[in-house]
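Analysis of the macromolecular model
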Amino acid sequence: MTPANLAQSALTDAAPHSGLSPEAQTLWLIKAHRWEEAHQIAQDIPSRTGSWLHALLHLIEGDEGNAGYWFARANRPAVPRSGIDAEWENLAALILPPD
């Protein structure tokens, strides 16, 4: 599934497609504005990508201090709230294959 397909699915489908990785499920839930569910998955992904997803969720929630902590754990620079969409795209490019 491509980033564009995942984003469209999050807007039209009731649930993420089966077989998605936890990282891709988290991206889907973020795009679907189901942040609590996304947070539950992201906090259990023991990798830099999981920390990056976790950072994005805290940024969405407006908790920039906690987001900064998770960006640091992901070895990523912190971004302002205006960068939320770009961070989702960057994560999607990493997690999902291109067309």
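In this report, the structure presented in the accompanying data block is examined. (Residues numbered from 1 in each chain as written. Predicted model: local features only at pLDDT ≥ 70, side-chain atom pairs only at ≥ 80, totals over all residues. Heavy atoms only, no water.)

Attention now moves to the overall build of the protein chain. A count of helical and extended segments in the protein chain gives six helices and zero strands. A compact globule built from 99 residues would reach a C-alpha radius of gyration of about 13 Å, and the protein chain, at 12 Å, matches this within 12%. Out of the 99 residues belonging to the protein chain, those deemed buried represent 42%. If you take every contact in the protein chain between residues at least 6 apart in sequence, the share linking residues at least 24 apart comes to 43%. As presented, the protein chain carries roughly 5300 Å² of accessible surface, and 51% of it is formed by carbon and sulfur atoms. Computed over 6 positive and 12 negative side-chain charges, the inter-centroid distance for the protein chain is 5 Å. (Helix = DSSP H or I, 4+ residues; strand = E, 2+ residues; numbered from the N terminus. Rg over C-alpha atoms; globule rule 2.2 N^0.38 Å. Buried < 20%, exposed > 50% of the residue type's maximum accessible area, 1.4 Å probe, protein only. Contact = heavy atoms within 4.5 Å. Areas by Shrake-Rupley, 256 points an atom, 1.4 Å probe, with all protein chains shown as cover. Lys, Arg positive; Asp, Glu negative; His and termini not counted. Charge placed at Lys NZ, Arg CZ, Asp CG, Glu CD.)

Mapped onto the elements of the fold, Glu87 is located in helix α6 (residues 84–95). Exposure remark for Glu87: the relative accessible area of 5% places this residue in the buried category. Sequence separation between Glu87 and Asp13 is 74 residues; the distance between their C-alpha atoms is 22 Å. If sequence neighbours within four positions are ignored, Glu87 has contacts with Trp52, Leu56, Phe71 and Val79.

This next bit is on the packing of helix α2 (residues 22–31) against helix α4 (residues 48–60). In a pair of packed helices, the angle between the axes and the distance between the axes together describe the arrangement. Two numbers describe how α2 lies on α4: the axes approach to 10 Å, and their chain directions differ by 10°. In this view, α2 runs roughly parallel relative to α4, as classed from their interaxial angle. For the pair α2 and α4, the sense of crossing is left-handed. When α2 is examined against α4, the residues Glu23, Thr26, Leu27 and Ile30 are found in contact with a partner set consisting of Thr49, Leu53, Leu56, Leu57 and Ile60. (Axes fitted to C-alpha atoms, helices over the stretch in contact; angles between N-to-C directions. Parallel < 35°, antiparallel > 145°, perpendicular 65-115°, else oblique. Left-handed = near helix turned anticlockwise from the far one by under 90°.)

So yeah, pure geometry; function would need other evidence.
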